[in-house]
Amino acid sequence: MRFALSTEQQDFAASLRDLLASAKTPDVIRSWGAGEHDQGRKLLRRLADTGVFGLGIAEEFGGLGDHPVDLVTAFVEVGRAGVPGPLVESAAAIPALLEALQDNASAELWLPRIADGAALGSLVLHPSTPRALDADVCDVVLHSDGSALHYGNTASSARSVDAARRLYEVDPAESIATGADVTQSTAAAFDRAALACAAQLLGAGYATLDMATEYAKGRVQFGRPIGEFQAIKHHLADAMVSLEMAKPLLYGAAVAVANNHPTASRDISAAKVACGDAAYRAARKSLQTHGAIGYTAEYDLSLWLTKIRALLVAWGTPAIHRQRVADSLRTVS
């Protein structure tokens, strides 16, 4: 089977890339990490105006109800640009969680506001996601232990390797729902968040590869651009192959979600592992190409290096997702 993005999806991705390229996201990332959110909130509102926050929300709740491939396409560009903020939580996890609940009161309250960019949300899913991202700037914070869903109160903060990913402990407060309904909705939220996170990783990996390629064209040693040396060519080619091999798994997982395929959770986990491995390889090859300057805080590449490192363990560690794939294959066999 041949899979390719439609013309409309390609145009959507191109428009997002143009918007984000003009937004000077390195400045936005640094400001967000310093606790200054005005630039970031303006950028997130611009993304909401393009429909990004409504892609995973049903039309009855004010969203676009689009195909999961559209969500993945958007998050590849979000990851490529390194956009900070609780995008996975707001645009993917919380919509999946609230729409899966039998009682839609909370969905009716929050999803229209998230879809139009008026609200941001964050989410704790114990034990896989024990801290809420950017809870201090969110309008709604949810807390689920797998059997009970509550609104959450922000408690203490925790450090992240990525300064622009600000993590918070959350205490459960007002109850929303309990029982098997919560268990199912929590699983749906985890899957959708892992899918969006995998897309972010793929996009971030492409960004580091692009930075390394540009650097290799301009950096001269022994009278020649270092990009002409075979060792550099092989480094960058290895990174590109890894990213291109991960891409079909990502989009295949999105198709499986759309079709409610019984292997969708396994496919998402396979995509998260593959995109994480590929992004990490691209980041490492890019750092090797740049040398020590690449990880200095003043150099933009460092923003993507730390983001990739943080996203690798966000919404399920590689070990968790590999185990899900293995368990699924054992069940089939």
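Everything quoted here is computed from the prediction, not taken from an experiment. (Residues numbered from 1 in each chain as written. Predicted model: local features only at pLDDT ≥ 70, side-chain atom pairs only at ≥ 80, totals over all residues. Heavy atoms only, no water.)

*Asks:* So what about the overall build of the protein? Which residues, and what values?
*Replies:* Along the backbone of the protein there are 11 helices and seven strands. For a compact globule of 333 residues, the expected C-alpha radius of gyration is about 20 Å, and the protein comes in at 19 Å, within 12% of that figure. Taking the principal axes of its C-alpha atoms as reference, the protein extends roughly 70 × 50 × 35 Å. Buried residues in the protein amount to 53% of all 333 residues. Nonlocal contacts in the protein, meaning residues at least 24 apart in sequence, comprise 71% of its contacts between residues at least 6 apart. Just so you have it, the protein exposes about 14,600 Å², and 52% of that area is on carbon and sulfur atoms. Here the protein contributes 30 positively and 37 negatively charged side chains, and the mean placements of these two sets differ by 10 Å. (Helix = DSSP H or I, 4+ residues; strand = E, 2+ residues; numbered from the N terminus. Rg over C-alpha atoms; globule rule 2.2 N^0.38 Å. Buried < 20%, exposed > 50% of the residue type's maximum accessible area, 1.4 Å probe, protein only. Contact = heavy atoms within 4.5 Å. Areas by Shrake-Rupley, 256 points an atom, 1.4 Å probe, with all protein chains shown as cover. Lys, Arg positive; Asp, Glu negative; His and termini not counted. Charge placed at Lys NZ, Arg CZ, Asp CG, Glu CD.)

*Asks:* For the sheet that holds strand β4 (residues 148-158), give the residues involved together with the corresponding values.
*Replies:* Across the sheet, which stays open at both edges, the five strands sit in the order β1-β3-β4-β5-β2 with mixed pairing between neighbours. In this open sheet, the two edge strands, each paired with only one partner strand, are β1 (121-125) and β2 (132-133). In this sheet, strand β3 (residues 140-144) lies alongside β1 in parallel orientation, the contact comprising five bridges. Following the sheet pairing, Ser122 is matched in β3 by Val141. Sitting on the sheet, helix α5 (residues 87-100) is in contact with β1, β2, β3 and β4, with an inclination near 60° to β1. (Pairing = 2+ DSSP bridges. Axes fitted to C-alpha atoms, helices over the stretch in contact; angles between N-to-C directions.)

*Asks:* Describe the UniProt feature "domain: Acyl-CoA dehydrogenase/oxidase N-terminal" (unreviewed entry) in the protein, naming the residues involved and giving the relevant values.
*Replies:* The positions UniProt marks with the feature "domain: Acyl-CoA dehydrogenase/oxidase N-terminal" (unreviewed entry) are residues 7-117. Strand forms 0% of residues 7-117 and helix 68%; the C-alpha atoms that close the span are 26 Å apart. (UniProt positions renumbered as here; feature names shortened; annotations may be inferred.)

*Asks:* Before we move on, can you summarise the pattern of salt bridges with the specific residues and values?
*Replies:* If charged atoms from side chains of opposite charge come close, those side chains can pair. Applying the stated rule across the entire model yields 14 salt bridges. Notably, a salt bridge pairs Asp162 with Lys307, separated by 3.1 Å at the nearest N-O pair. On the criterion of sequence distance, the pair formed by Asp162 in the loop between β4 and β5 (167-178) and Lys307 in helix α10 (residues 301-313) is long-range, its members being 145 residues apart. Lys307 carries the same exposure label as Asp162, and that label is buried. (Salt bridge = Lys/Arg side-chain N within 4 Å of Asp/Glu carboxyl O.)

*Asks:* Tell me about the environment of Ser122, and please be specific about residues and values.
*Replies:* Take Ser122: it is sitting in strand β1. Given a relative accessible area of 0%, Ser122 falls into the buried group. Ignoring anything within four residues of it in the chain, the contact list for Ser122 reads Glu89, Ile94, Ala132, Leu133, Cys138, Val140, Val141 and Leu142. A polar contact is formed between the side chain of Ser122 and the backbone oxygen of Leu133, at a distance of 2.8 Å. (Polar contact = N/O pair within 3.5 Å; in protein donor to acceptor, adjacent residues only side chain to side chain.)

*Asks:* Just give me the short version of the nonpolar core, but keep the residues and values in it.
*Replies:* One broad rule of soluble globular proteins: the nonpolar side chains tend to lie buried together. Membership of the largest hydrophobic core comes to 109 residues, with the highest contact counts inside it found for Leu47, Leu142 and Trp315. Counting residues per element, this core draws most heavily on helix α7 (residues 180-218), at 19 residues. Setting aside residues up to four positions removed in sequence, Leu47 forms contacts with Leu16, Leu19, Leu20, Val52, Phe53, Val83 and Leu87. (Core = buried A, V, L, I, M, F, W, Y, C linked by side-chain atoms within 4.5 Å.)

*Asks:* Provide a residue-level description of the packing of α7 against α10, including the pertinent values.
*Replies:* Here α7 crosses α10 at 150°, and the two axes come no closer than 10 Å. The angle between α7 and α10 places the two elements in the roughly antiparallel class. With respect to the hand of their crossing, α7 and α10 are arranged in left-handed fashion. Listed contacts from α10 to Cys197, Gln200, Leu201, Ala204, Gly205, Ala207, Thr208 and Met211 of α7 are Leu301, Trp304, Ile308, Leu311 and Leu312. (Parallel < 35°, antiparallel > 145°, perpendicular 65-115°, else oblique. Left-handed = near helix turned anticlockwise from the far one by under 90°.)

*Asks:* Break down helix α1 (residues 7-21) for me, citing the residues and quoting the values.
*Replies:* Residue pairs spaced three or four apart in an α-helix point in one direction, given the helix's 3.6 residues per turn. Taking 1.5 Å per residue as the helical rise, α1 with its 15 residues ought to reach 21 Å, and the 21 Å between its terminal C-alpha atoms agrees with that figure. Of the surrounding secondary structure, the elements contacted by the buried residues of α1 are α2 (25-33), α3 (38-50) and α4 (68-81). (Expected span 1.5 Å × (residues − 1).)

*Asks:* Talk me through the side chain of Lys307; I want residue IDs and the actual numbers.
*Replies:* With relative accessibility at 5%, the residue Lys307 sits in the buried group. Setting aside chain neighbours within four positions, we find Lys307 in contact with Gly82, Val83, Asp162 and Arg165.

*Asks:* A description of the side chain of Arg166 should follow, citing residues and the corresponding values.
*Replies:* By secondary structure assignment, the location of Arg166 is in the loop between β4 and β5. Given a relative accessible area of 15%, Arg166 falls into the buried group. Engagement of the side chain of Arg166 in a polar contact is seen with the side chain of His37, the distance being 3.0 Å. Discounting residues that sit within four places of it in the chain, Arg166 has contacts with Trp32, Gly33, Gly35, His37, Ala132, Leu133, Asp134, Asp136 and Val137.

*Asks:* Go over the packing of α1 against α4, please, and point to the residues and values.
*Replies:* With their axes 10 Å apart at the nearest point, α1 and α4 run at an angle of 25° to one another. Classified by the angle their axes make, α1 and α4 are roughly parallel. Relative to α4, α1 is oriented so that their crossing is right-handed. From α1, Gln9, Phe12, Ala13, Leu16, Arg17 and Leu20 reach across to α4, where they touch Val69, Asp70, Thr73, Ala74, Glu77, Val78, Arg80 and Ala81.

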